[in-house]
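# A closer look at the structure
Each chain is listed here by its residues.
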Amino acid sequence: MTTYHSTRSRNESLTSKQAILEGIAQDGGLFVRDDVAAGAPSLEQLLAGTYQDRARLVLGHLLDDFTAEEISTCVEAAYGANFDSKLITPVTPCGQDWTLELWHGPTSAFKDVALQMLPQLMRVSRAGDGRRVMIVTATSGDTGKAALEGFADVEGTGVTVFYPHGKVSDIQRLQMATQRGANVAVCAIEGNFDDAQSEVKRIFADEALRARLAERNVVLSSANSINVGRLVPQVTYYFDAYAQLAAAGALKPGDAIDFCVPTGNFGDVLAGYYAKLMGLPVRTLVVASNANDVLTDFITTGTYDRRRPFHKTISPSMDILVSSNLERLLFYLSDGDCELVSSLMADLAEKGAYTVPPTLLTRLHETFACGRADDAATRETIRAVWDEHHVLLDPHTAVARHVLDARPADGVARVCLSTASPYKFSADVLAALGHDVSGMGGFACMDALSELTGTEPPAALSALRDAEERFDDVVSVSDMNRYAEDSAVRVLA
Ligand SMILES: *Cc1c(COP(=O)(O)O)cnc(C)c1O
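Rules used throughout
Residues numbered from 1 in each chain as written. Predicted model: local features only at pLDDT ≥ 70, side-chain atom pairs only at ≥ 80, totals over all residues. Heavy atoms only, no water. Phe/Tyr/Trp six-rings, centres within 6.5 Å; stacked < 30°, edge-to-face > 60°. Helix = DSSP H or I, 4+ residues; strand = E, 2+ residues; numbered from the N terminus. Buried < 20%, exposed > 50% of the residue type's maximum accessible area, 1.4 Å probe, protein only. Lys NZ or Arg CZ within 6 Å of the ring centre and 35° of its normal. UniProt positions renumbered as here; feature names shortened; annotations may be inferred. 1 Å grid on protein atoms, 1.4 Å probe; cavity = no way out; pocket = protein on both sides within 12 Å on 5 of 7 lines; lining within 4 Å. Points joined across faces, edges and corners; volume = space filled by probe spheres on them. Pairing = 2+ DSSP bridges. Axes fitted to C-alpha atoms, helices over the stretch in contact; angles between N-to-C directions. Near = heavy atom within 4 Å. Polar contact = N/O pair within 3.5 Å; in protein donor to acceptor, adjacent residues only side chain to side chain. Areas by Shrake-Rupley, 256 points an atom, 1.4 Å probe, with all protein chains shown as cover. Nonpolar A, V, L, I, M, F, W, Y, C, P; charged D, E, K, R; others polar.

### A few points about the packing of aromatic side chains
Across all of its chains, the model carries 12 aromatic pairs by this definition. Relative to Tyr79, the ring of Tyr51 lies with its centre 5.3 Å away and its plane at 80 degrees, an arrangement referred to as edge-to-face. Placement of Tyr51 in helix H3 (residues 51-62) and of Tyr79 in the loop between helix H4 (68-78) and strand S3 (91-94) is noted, with a sequence separation of 28 residues between them. The buried category is assigned to Tyr51, whose relative accessible area is 3%. On the accessibility criterion, Tyr79 (2% relative accessible area) is buried. Positioned above the aromatic ring of Phe66 is the side chain of Lys17, whose terminal nitrogen or guanidinium carbon lies 5.2 Å from the ring centre.

Spelled out as structure tokens, the structure:
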């Protein structure tokens with residue numbers, strides 16, 4: 001069986017089940033396994049069958065302490081009628097290139113692909129030791145809803161989500177306030193997202209709280225994107241996109257392929273690198289950033305420098321200055337040099353910046369390219385792609401599309417990852433198409449966008465109009481700790 005250890009040392013050695021429950025290593029590093037390629041299924045095996053077949057092979061390989069039956073029950077629960085496409089992640093044409101639609105899950109954003117699976121993996125991982133898992137998370141809008149939807153009524157788990165009062169969109173608030181499930185809690189806080197995030201970190205560090213919960217057999221855990229259980233499910237759709245293109249005759253098995261990925265925390269694009277390590281013939285992974293272009297600079301120069309202004313953009317899920325999952329890439333590109341990764345991360349913590357050795361930068365450039373799009377370029381791309389191809393893009397996807405369009409095509413198949421339904425960002429998309437949206441609410445924008453383009457919003461978003469609101473709690477930041485404990489006790493009682 002393969003074991004996981006920290007990116008920063010090899011002192012701890014964990015099974016994947018343990019790594020999924022722990023989330024982050026004791027030394028602050030991220031869990032990785034050394035050899036991703038060894039024993040991987042062949043490309044031929046990975047291209048046969050359905051999305052679910054591929055998911056079973058990918059998970060079975062990367063999480064090899066799960067039994068085949070455990071993996072099967074997880075895949076069945078995660079990828080079924082909860083997605084509104086039989087293909088789960090359909091590939092559609094866009095001019096000469098392709099779009100991989102990752103937003104057909106219950107919350108209409110790509111985080112569903114991982115967050116429909118993570119709770120299932122946690123359910124299986126904790127089985128046997130009798131502990132129950134309480135997820136506590138702060139959200140600026142999208143992740144919280146995807147976590148709620150993934151954990152709702154999953155046995156032995158509970159979830160509490162905090163979001164900043166008055167600082168999420170109408171639709172995002174409704175998505176959370178109407179969440180079904182007996183094991184969920186949703187609470188607005190008086191403060192901004194950073195306040196919520198910082199307090200959640202303090203809740204995790206509160207030893208007395210952990211001890212009280214431990215007496216009730218409850219462990220606190222997080223669902224954030226550094227968890228191995230979120231990374232691994234994302235590897236599947238890279239193989240699946242390739243299989244769909246092979247089936248459509250757009251490439252032959254063995255041909256190279258490029259992916260362009262709208263990037264924030266680097267989880268999505270890192271999964272593409274895992275697919276490459278496992279044998280998918282990926283030529284280039286293009287990292288697309290918005291005005292928060294710390295990754296563009298890093299990939300260009302080898303220096304990662306977070307000391308820069310933070311921009312609030314129309315692609316908010318990419319408004320990030322520290323891309324946590326990049327640490328895993330540094331580990332692989334340095335051939336597993338934990339000491340180097342440790343010292344780079346210490347530089348980042350102490351100085352706010354680090355520079356990788358030239359050899360590492362050279363290896364980075366063998367696979368990775370980059371580019372950026374500010375809000376003006378993003379809006380222009382939404383308009384141009386609609387006008388030219390009648391494909392409606394959300395702002396995150398449009399960032400990637402802009403970056404891909406700036407690269408010369410050379411006959412290799414190119415796939416742009418699409419991370420959200422345009423209807424999740426109706427107002428910004430409508431405005432990009434030239435409409436005055438001032439004074440319009442969330443549903444009015446959805447209706448106008450539908451009418452203008454002749455496309456339909458996802459059913460789950462339309463259904464919010466009639467859904468009953470269950471949660472209206474608002475607490476101060478100083479009350480979040482007590483709220484988290486009370487809801488853990490209540491929903492896991
Ligand atoms: C989270 C998210 C991203 C960024 O993905 P990472 O894995 O954090 O790089 C991009 N687009 C949307 C819509 C997202 O929700």
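### Topic: the UniProt feature "domain: Tryptophan synthase beta chain-like PALP" (unreviewed entry) in the protein chain
Per the UniProt record, "domain: Tryptophan synthase beta chain-like PALP" (unreviewed entry) is found at residues 103-406. Taken as a whole, residues 103-406 contains 50% helix and 17% strand, while its terminal C-alpha atoms sit 25 Å from one another.

### Section: the layout of surface pockets
The computed volume of the second largest pocket comes to approximately 280 Å³. Glu101, Trp103, Leu392, Pro422 and Thr455 are, among the 19 residues lining the second largest pocket, the residues nearest its centre. Looking at the lining of the second largest pocket, the elements with two or more residues in it are S3 and strand S4 (97-101).

### Points about the sheet that holds strand S7 (residues 184-190)
A sheet is described by the order of its strands in space; here 5 strands give the open sequence S8-S5-S6-S7-S15, paired in parallel fashion. Of all the strands in the sheet, just strand S8 (218-221) and strand S15 (474-476) have a single pairing partner and so form its edges. For this sheet the average axis-to-axis angle between neighbouring strands, irrespective of direction, equals 30 degrees. As defined by bridge partners, S7 adjoins S15 across 3 bridges and the pair is classed as parallel. Each bridged residue has a counterpart across the sheet, and for Glu190 the counterpart in S15 is Ser476.

### Some details on the site of the ligand
Taken together, 14 residues surround the ligand, and among them Lys111, Gly264, Asn265, Asp268 and Thr419 come closest. A distance of 3.2 Å separates an oxygen atom of the ligand from a polar atom in the backbone of Gly267. Residue Ser317 places a side-chain N or O atom 3.4 Å away from an oxygen atom belonging to the ligand. For the ligand, the accessible surface in isolation is 390 Å², of which the surrounding protein chains cover 97%. Grouping the amino acids of the shell around the ligand by side-chain chemistry returns 5 nonpolar, 7 polar and 2 charged.

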